[in-house]
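# Structural overview for review
In case you want the letters, here they are:
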Amino acid sequence: MAFKDYLQALKKLEYQNLFENDFFLTWDKSDDELKAIFAVAEALRALRTNNKSAKIFDSGLGISLFRDNSTRTRFSFASACNLLGLEVQDFDEGKSQQAHGETVKETANMISFMADVIGIRDDMYIGKGHTYQKAFADYVNEGYQDGVLEQRPIIVNLQCDIDHPTQIMSDTLHIINEMGGIENIKGKKIAMTWAYSPSYGKPLSVPQGAIGLFTRLGAEVVLAHPEGYEVMAEVEEIAKKNAIASGGSFTKTNDMTEAFKDADIVYPKSWAPFAAMEKRTAFYGEGKFDEIDKLEKELLKQNAKHKDWTCTEALMATTKDGNALYLHCLPADITGVSCAEGEVDASVFDRYRVPLYKEASYKPYIIAAMIFMQKIKNPAEKLQELWDQDQKRLDK
Amino acid sequence: MAFKDYLQALKKLEYQNLFENDFFLTWDKSDDELKAIFAVAEALRALRTNNKSAKIFDSGLGISLFRDNSTRTRFSFASACNLLGLEVQDFDEGKSQQAHGETVKETANMISFMADVIGIRDDMYIGKGHTYQKAFADYVNEGYQDGVLEQRPIIVNLQCDIDHPTQIMSDTLHIINEMGGIENIKGKKIAMTWAYSPSYGKPLSVPQGAIGLFTRLGAEVVLAHPEGYEVMAEVEEIAKKNAIASGGSFTKTNDMTEAFKDADIVYPKSWAPFAAMEKRTAFYGEGKFDEIDKLEKELLKQNAKHKDWTCTEALMATTKDGNALYLHCLPADITGVSCAEGEVDASVFDRYRVPLYKEASYKPYIIAAMIFMQKIKNPAEKLQELWDQDQKRLDK
Amino acid sequence: MAFKDYLQALKKLEYQNLFENDFFLTWDKSDDELKAIFAVAEALRALRTNNKSAKIFDSGLGISLFRDNSTRTRFSFASACNLLGLEVQDFDEGKSQQAHGETVKETANMISFMADVIGIRDDMYIGKGHTYQKAFADYVNEGYQDGVLEQRPIIVNLQCDIDHPTQIMSDTLHIINEMGGIENIKGKKIAMTWAYSPSYGKPLSVPQGAIGLFTRLGAEVVLAHPEGYEVMAEVEEIAKKNAIASGGSFTKTNDMTEAFKDADIVYPKSWAPFAAMEKRTAFYGEGKFDEIDKLEKELLKQNAKHKDWTCTEALMATTKDGNALYLHCLPADITGVSCAEGEVDASVFDRYRVPLYKEASYKPYIIAAMIFMQKIKNPAEKLQELWDQDQKRLDK
């Protein structure tokens with residue numbers, strides 16, 4: 001598709017509610033709004049590929065507030081901000097005086113005086129991340145209404161305990177492009193399955209985000225995991241409702257083989273059991289660190305019972321034409337490469353390496369598109385203007 | 001006041017000495033110079049509020065050299081730099097080769113090759129911070145004269161052992177706006193008082209900066225602290241002289257109640273005793289870390305004798321109309337919130353939360369105004385030009 | 001020389017191969033190519049000195065990937081990027097998920113989605129740094145060819161185990177300017193000599209880079225070190241060939257006095273023995289950390305036998321007219337200043353302090369010139385355009 005096609009697509013959509021609103025969860029947004037973000041992401045990529053500047057900010061700050069380490073998301077956010085003309089300032093709580101008893105309310109205001117966007121990653125504790133982001137948003141809202149802040153910075157969820165919208169939307173844009181259009185995902189079987197990893201406690205936001213979004217595309221979404229590896233019940237409810245609305249389906253199984261059988265798309269990935277993560281959060285709140293250590297050991301032992309949950313060549317052969325699209329949010333635990341036994345066979349991973357990297361490459365554009373829609377009142381018009389003004393990004 | 005009023009105010013002031021000069025201490029500067037900075041800070045804020053770019057740099061670096069952690073000041077400096085078009089580069093001595101015996105002189109030159117501004121925070125040791133900043137300035141001066149540096153970067157004191165000009169000027173701009181003009185501060189009673197905190201060794205730069213600047217406004221400034229919590233004698237001398245010159249007064253008391261009585265403005269805040277801090281610096285110099293530990297324990301014990309030095313509702317009720325303006329540089333030690341017993345009652349703090357955040361919100365503009373005056377020969381003309389050119393900061 | 005002279009010089013040179021190529025080692029490049037970088041470095045400096053913007057990027061990222069700490073190189077890279085309009089994003093492997101088994105290939109792609117330049121410093125292990133940089137370059141190349149990356153970011157070697165091109169080219173530009181032209185270096189005696197330092201394991205990239213580049217200038221290059229402090233044999237081979245081609249010479253000695261005798265230029269600096277460093281890399285690979293500790297102790301003991309290898313006033317007096325140009329990459333181990341006994345007498349160092357700082361001041365321009373040549377197809381034309389457009393860097 002060409003630049004003008006993305007603008008054309010955009011014109012048919014209702015997305016005004018994205019303007020000056022935070023992005024927390026994909027299911028807070030309408031189908032049109034998500035489609036608009038996909039279209040804008042592609043339009044921004046087209047601008048860049050054509051060496052045209054997409055700067056809409058003359059100056060301004062994007063704050064990255066990460067409560068967990070991350071290369072990919074950090075770089076994606078920085079790239080998105082830079083593309084639009086914002087400078088990134090990292091807020092590292094470790095470095096700050098937060099430890100001295102500074103409250104979230106105060107922090108939210110203090111780092112927002114000249115902030116246009118705040119990207120928050122907080123996926124460490126179940127029941128905490130989303131709550132933190134919402135609280136943060138309320139505080140900057142208050143700050144804006146009280147005249148403390150000149151502008152109300154917009155929040156972008158860069159991963160919470162419930163959803164990982166920038167990841168899943170990148171995954172989805174990848175699927176759209178691989179399938180030749182969002183309409184072609186209808187009826188496709190997508191297997192979101194647990195896979196074994198020797199490391200403990202991977203976030204649930206990816207499988208949750210996946211079932212929350214893929215079910216809106218009219219796909220046959222299967223969630224597969226060993227018993228005891230349930231995700232949040234409320235997200236399953238959302239997936240069910242979405243599937244009904246979209247004419248797709250949402251089913252669950254404890255059998256990885258069943259999930260892979262004839263699947264068009266597979267997303268095998270480790271995660272921690274929700275119930276255990278809830279327990280962990282409670283222990284954390286009570287300062288019971290011995291109990292946390294014990295729990296981690298138990299979970300590793302539990303994980304180890306399911307080493308057969310791994311994406312092998314044999315399993316891949318059972319997918320549609322033996323050729324399902326393999327997805328991963330990266331980094332993957334690759335058997336014999338990054339660990340002795342992991343989520344995926346090295347040969348499978350290698351075969352999909354280029355598509356996997358492409359999948360990841362959408363993230364900066366998804367984030368930039370979110371910010372663009374949050375900040376620009378008439379995005380189609382502004383994109384056209386950026387195209388026509390033809391300011392060279394690198395003036396060779 | 002509108003943008004043009006700030007320019008009008010500026011035209012009546014003598015401030016040419018700010019140009020290409022460092023900013024170390026407020027008492028190095030004339031009344032006119034400080035007023036000019038207030039006017040420019042407000043003009044820059046007006047540009048921003050009106051979505052007009054204040055970029056005067058096409059490229060360039062602002063170096064933040066922090067020898068102590070800080071969220072607020074770090075973000076304020078980054079915001080100020082970004083507003084004017086400078087990119088911030090943090091110089092973290094821990095990360096650098098300073099430990100390998102690199103001298104300050106060498107560092108000063110090595111980080112300044114393309115630096116326009118260097119913001120230094122060095123408040124850890126009495127007798128060291130200001131000295132360090134002055135030495136740093138001398139070295140970049142030399143480097144410039146010797147042809148090592150193409151431009152002479154300007155130093156902004158982001159807190160030293162003697163003064164905290166960006167903080168106190170933000171406090172003062174807040175007072176000016178709350179009182180409806182700088183002329184209305186004349187005759188007002190301002191109580192800068194010590195308050196109990198369970199943490200040890202808070203810097204003296206805030207009370208010292210406060211008595212050094214508030215006494216220039218014609219105010220009745222009272223410095224209150226328990227016996228043994230004296231601030232630097234030379235700053236008290238400055239406060240005395242300033243009070244005489246401005247027609248205000250500077251008095252001291254060991255009675256918090258007396259200080260609060262009928263006060264228009266109160267600034268209750270913990271700090272460490274100067275004499276103890278001097279001792280600590282000496283121990284540090286001699287490598288006597290055991291002695292430092294012992295001293296810290298003694299000081300905490302000493303602090304604990306003065307838990308009654310706290311800003312209660314009862315005490316606030318004794319201020320002018322029971323309604324004094326409560327100031328704090330944040331973060332505050334709030335009783336029952338950030339600590340069991342602290343500087344201020346939670347209900348008092350909560351009542352003043354919005355004004356306190358506004359007080360803090362001036363800092364990026366104060367810093368930007370300092371840089372602006374140091375770099376721009378005809379600030380009034382340039383501000384008018386920025387207003388008229390109307391380059392949108394965010395082109396919505 | 002004036003701006004137009006640098007452009008004039010540029011016009012006589014063949015340098016098209018620099019365009020869109022990485023910079024790993026000076027001996028990968030032709031004499032013309034190196035001369036072109038010197039000319040562009042000076043032209044960029046002239047733009048800056050004349051307050052003219054050298055921004056060629058409207059937006060874009062420069063990634064600094066440092067596997068060892070560094071103030072100077074970090075700031076030089078940041079300054080170079082800022083000069084050209086790129087924002088720096090640090091990739092700190094410690095902070096990232098590299099430790100979780102992420103491969104270099106994946107990292108190379110993940111941090112390059114919007115990267116224009118990647119500056120890599122990796123000098124810790126003999127046999128590793130250059131190899132890492134080449135692998136990294138191969139991976140981004142693949143990523144570009146596979147359509148993962150929209151542009152192919154360019155690699156700049158900010159120091160590896162073999163060469164330190166940005167350092168040695170800065171040193172050389174300093175020599176050129178001190179000698180009044182590159183042609184005046186012909187026949188000059190340059191002593192690259194080992195010197196004692198109490199610290200262990202300094203990289204070999206400086207002496208190796210020095211003999212690799214200085215021998216191309218028609219100079220009489222002498223490499224001096226105690227027995228056992230050999231550098232990489234393959235770099236010595238390159239130095240020999242270069243000397244023959246340039247009409248200069250390359251000789252070795254184990255006598256510092258002989259090296260200094262009548263030298264026009266001296267570069268006394270500590271480094272670790274190549275053979276020991278190879279052993280160390282092997283131990284590291286085998287996880288034999290006890291052996292590494294033992295080796296370090298042995299090396300320190302070995303170093304201590306050569307405390308007489310130090311740049312004294314007496315030794316300086318034996319150089320040409322007692323007045324050789326003293327070079328150092330900084331920071332130096334200065335006797336009685338940064339250590340009890342070190343590489344150089346304090347009085348010698350002090351006498352050369354200003355030239356040493358100037359030597360260092362070329363590095364941001366060398367790096368910027370490398371990037372400029374890698375990114376701009378017609379550099380002479382573009383430089384002229386930047387000069388004529390006369391966009392003020394700081395609009396005073």
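Residues numbered from 1 in each chain as written. Chains lettered and ligands numbered in written order. Predicted model: local features only at pLDDT ≥ 70, side-chain atom pairs only at ≥ 80, totals over all residues. Heavy atoms only, no water.

### Considerations on the overall build of chain A
Formally: Working definition: helices are DSSP H or I runs of at least four residues, strands are E runs of at least two. Numbering for both runs from the N terminus. Radius of gyration: over C-alpha atoms. The globule rule applied is 2.2 Å multiplied by the number of residues raised to the 0.38 power. Accessibility here uses a 1.4 Å probe with only protein chains present; expressed as a share of the type maximum, an area under 20% marks a residue as buried, one over 50% as exposed, and anything in between as partly exposed.
Scanning chain A from N- to C-terminus turns up 16 helices and 9 strands. The C-alpha radius of gyration computed for chain A amounts to 21 Å, which stays within 12% of the reference 21 Å derived for 396 residues, consistent with globular compactness. The principal-axis extent of the C-alpha atoms belonging to chain A is close to 55 × 55 × 45 Å. Relative to its 396 residues, chain A shows a buried fraction of 63%.

### A short note on the pattern of salt bridges
What counts here: Put simply, a salt bridge is a Lys or Arg side-chain nitrogen that is within 4 Å of an Asp or Glu carboxyl oxygen.
Enumeration over the complete set of coordinates arrives at 76 salt bridges over all chains. Among the ionic pairs, Arg-74 of chain A bridges to Asp-90 of chain A, the shortest N-O distance being 3.3 Å. One end of the pair, Arg-74 of chain A, is in helix H3 (residues 72–84); the other, Asp-90 of chain A, is in strand S2 (residues 87–91), with 16 residues separating them in the sequence. For Glu-385 of chain C, the salt bridge goes to Lys-382 of chain C, with nearest N and O atoms at 3.2 Å. Placement of both Glu-385 of chain C and Lys-382 of chain C in helix H16 (residues 379–389) is noted, with a separation of 3 residues, approximately one turn of the helix. Judged by its relative accessible area of 5%, Lys-382 of chain C falls in the buried class. One salt-bridge network, in which partners are shared between bridges, spans Arg-45 and Arg-48 of chain A together with Glu-150 of chain C.

### Here's the deal with the interface of chain C and chain B
Short version of the rule: By definition, residues are in contact when any of their heavy atoms lie within 4.5 Å. Joining two parts hides part of their accessible area as seen by a 1.4 Å probe, and the buried area is that hidden amount summed over both. Think of a polar contact as two N or O atoms within 3.5 Å of one another; within protein, one of them needs to be a possible hydrogen donor and the other a possible acceptor, and neighboring residues in sequence only count if both atoms come from side chains. In this classification, the charged set is Asp, Glu, Lys and Arg, the nonpolar set is Ala, Val, Leu, Ile, Met, Phe, Trp, Tyr, Cys and Pro, and all remaining amino acids, among them Gly, are polar.
Counting residues at the interface gives 39 residues for chain C, matched by 39 residues for chain B. For the pair chain C and chain B, the summed buried area comes to about 3,500 Å², and 52% of that belongs to carbon and sulfur atoms. Looking at the side of chain C facing chain B, the largest losses of area belong to Phe-75, Tyr-357 and Arg-393 of chain C, adding up to 20% of the total buried there. Across the contact surface, chain C and chain B share 16 residue pairs in polar contact (both at pLDDT 80 or more). Considering each element in turn, the side of chain C that touches chain B owes the most residues, 7 residues, to helix H3 (residues 72–84) of chain C. For the side of chain C that touches chain B, the class distribution of residues is 15 nonpolar, 10 polar and 14 charged.

### Here we look at unusual backbone geometry
Phi is mostly negative for residues that are not glycine, and the peptide bonds are mostly trans. For the bond running from Leu-330 of chain A to Pro-331 of chain A, omega is 0°, close enough to zero to count as cis. Locating Pro-331 of chain A in the fold gives a position in the loop between strand S9 (325–326) and helix H13 (346–351). The phi dihedral of Glu-20 of chain B is positive, around 60°, even though this residue is not glycine. Secondary-structure assignment places Glu-20 of chain B in the loop between helix H1 (3–11) and helix H2 (31–49).

### Comments concerning the domain arrangement of chain A
Residue and element names in this part refer to chain A. As a reminder of what qualifies: Just so you know, the domain bounds were taken from an automatic or database domain assignment.
Domain annotation of chain A identifies domain 1 (3–162 + 363–388) and domain 2 (167–360). Using only C-alpha atoms to locate each centre, domain 1 and domain 2 end up separated by 26 Å. Residue-level contacts link 26 residues of domain 1 with 30 residues of domain 2. Each partner contributes to the roughly 2,300 Å² buried at the junction of domain 1 and domain 2, and carbon and sulfur atoms together form 64% of this total. The interface formed by domain 1 and domain 2 includes 1 salt bridge.

### Here's the deal with the state of the cysteines
The cut-off we apply is this: Disulfide: a pair of cysteine sulfur atoms within 2.5 Å of each other.
Considering all chains together, one arrives at 0 disulfides over all chains under this definition. Note on Cys-339 of chain A: no disulfide assigned, nearest cysteine sulfur contributed by Cys-311 of chain A at a separation of 13 Å.

### A look at the UniProt feature "domain: Aspartate/ornithine carbamoyltransferase Asp/Orn-binding" (unreviewed entry) in chain A
Rules: UniProt positions are given in the numbering used here, feature names are shortened, and annotations may be inferred rather than shown by experiment.
Per the UniProt entry, the sites bearing "domain: Aspartate/ornithine carbamoyltransferase Asp/Orn-binding" (unreviewed entry) are residues 211–371 of chain A in this numbering. End-to-end, the C-alpha atoms of residues 211–371 of chain A are 24 Å apart, and along that stretch the chain is 50% helix and 11% strand.

### Some points on empty space enclosed by the protein
Note the following rule: Residues are called lining when one of their atoms sits within 4 Å of a cavity or pocket point, these points coming from a 1 Å grid over the protein atoms alone, where a cavity is a set in which a 1.4 Å probe fits but cannot get out and a pocket is an open set with protein on both sides within 12 Å along at least five of seven lines. Grid points are joined across faces, edges and corners, and a volume is the space filled by probe spheres set on the points.
Applying the stated criterion to the full structure yields 15 cavities of 30 Å³ or more. By volume, the largest cavity is sized at about 350 Å³. Taken together, 23 residues line the largest cavity, and the ones lying closest to its centre are Lys-55 of chain A, Lys-55 and Glu-87 of chain B together with Lys-55 and Glu-87 of chain C. Taken together, the residues of the lining of the largest cavity break down into 3 nonpolar, 11 polar and 9 charged.

### Structural notes on helix H11 (residues 289–304) of chain B
So the rule is basically this: For a helix, the expected span equals 1.5 Å multiplied by the number of residues minus one.
Given a rise of 1.5 Å per residue, 16 residues ought to cover 22 Å, and the 23 Å separating the end C-alpha atoms of H11 of chain B matches this to within 8%. Each element contacted by the buried residues of H11 of chain B is listed here: strand S5 (189–194) and helix H10 (274–286) of chain B.

### Regarding the relation of the copies chain C and chain A
Put simply, the test is: Residues reaching a pLDDT of at least 70 in both copies supply the C-alpha atoms on which the copies are superposed by least squares.
The operation relating chain C to chain A is a screw motion whose rotation component is 120°, with 0.0 Å of axial translation and a residual RMSD of 0.0 Å. Such a turn and shift between the copies fits a three-fold axis. Considering only C-alpha atoms, the part of chain C nearest the rotation axis is Glu-87 of chain C, at 4.5 Å. Interface residue correspondence from chain C to chain A reaches only 3%, placing this contact among heterologous pairings that use different surfaces.

### As for helix H14 (residues 353–361) of chain C
Of all 9 residues making up H14 of chain C, 7 are buried, and the element is well covered by its neighbours. For H14 of chain C, the complete set of buried residues consists of Arg-353, Pro-355, Leu-356, Tyr-357, Glu-359, Ala-360 and Ser-361 of chain C.

### Quick word on the side chain of Thr-193 of chain B
Mapped onto the fold, Thr-193 of chain B is located in strand S5. If we ignore the near neighbours within four places in the chain, the residues touching Thr-193 of chain B are Ala-224, Met-256, Ala-259, Phe-260, Tyr-267, Pro-268, Lys-269 and Trp-271 of chain B.

### Focus on the nonpolar core
Test applied: We call a set of buried Ala, Val, Leu, Ile, Met, Phe, Trp, Tyr and Cys residues a nonpolar core when their side-chain atoms join them within 4.5 Å.
Membership of the largest hydrophobic core comes to 425 residues, with the highest contact counts inside it found for Leu-44 and Tyr-326 of chain A, Leu-44 and Tyr-326 of chain B together with Leu-44 and Tyr-326 of chain C. The residues touching Leu-44 of chain B, leaving out its near neighbours within four places in the chain, are Ala-54, Leu-83, Leu-84, Tyr-365, Ala-368, Ala-369, Phe-372 and Leu-383 of chain B.

### What to know about the sheet that holds strand S3 (residues 115–121) of chain C
Threshold: Strand pairing is assigned whenever DSSP detects at least two bridges linking the two strands. Lines are fitted to the C-alpha atoms to define the axes, a helix being fitted only along its stretch in contact, and any angle between axes, read from their N-to-C directions, falls within 0 to 180 degrees.
Reading across the sheet, the 4 strands line up as S2-S1-S3-S4 (chain C) and stay open at both edges, with parallel pairing between neighbours. Strands with a single pairing partner mark the edges of an open sheet, and in this sheet they are strand S2 (87–91) and strand S4 (154–157) of chain C. Looking at each pair of strands side by side, their axes are set apart by 25° on average, direction ignored. Where strand S1 (residues 61–66) of chain C lies against S3 of chain C, 6 bridges are found, and the strand directions are parallel. Residue pairing for S3 of chain C: Leu-61 of chain C is matched across the bridge by Ala-115 of chain C. Helix-sheet contacts for H3 of chain A involve S1 and S2 of chain C, and the interaxial angle to S2 of chain C is about 180°.

### A short note on the sheet that holds strand S7 (residues 249–253) of chain B
Residue and element names in this part refer to chain B. The 5 strands lie next to each other as S7-S6-S5-S8-S9, forming an open sheet whose pairing is parallel. Across the chains shown, the open sheet's two edge strands, defined by having one partner strand only, are S7 and strand S9 (325–326). Across 5 bridges, the pairing between strand S6 (residues 220–224) and S7 is parallel. By the bridge assignment for S7, Leu-223 is matched with Lys-252. Strands in contact with helix H8 (residues 233–246) are S6 and S7; relative to S7, the strand with the most contacts, it is inclined by about 140°.

### Some words on the packing of aromatic side chains
Selection rule: Aromatic rings from Phe, Tyr and Trp, with only the six-membered ring used for Trp, were paired whenever their centres fell within 6.5 Å, and each pair was classed as stacked if the ring planes differed by under 30 degrees, edge-to-face if by over 60, and tilted otherwise. Two conditions define a charge located above a ring, namely a distance within 6 Å from the ring centre to NZ of Lys or CZ of Arg, and an angle within 35 degrees of the ring normal.
If you walk through the whole model with that rule in mind, you get 21 aromatic pairs over all chains. Where Tyr-326 of chain A meets Tyr-352 of chain A, the ring centres are 5.7 Å apart and the plane angle is 55°; that geometry is what we call tilted. Residue Tyr-326 of chain A is located in strand S9, and its partner Tyr-352 of chain A is located in the loop between H13 and helix H14 (353–361); the two are separated by 26 residues in the primary sequence. The same class applies to Tyr-326 of chain A and to Tyr-352 of chain A, which are both buried. Sitting above the plane of the Phe-23 of chain B ring, Lys-29 of chain B keeps its charged end 5.2 Å from the centroid.

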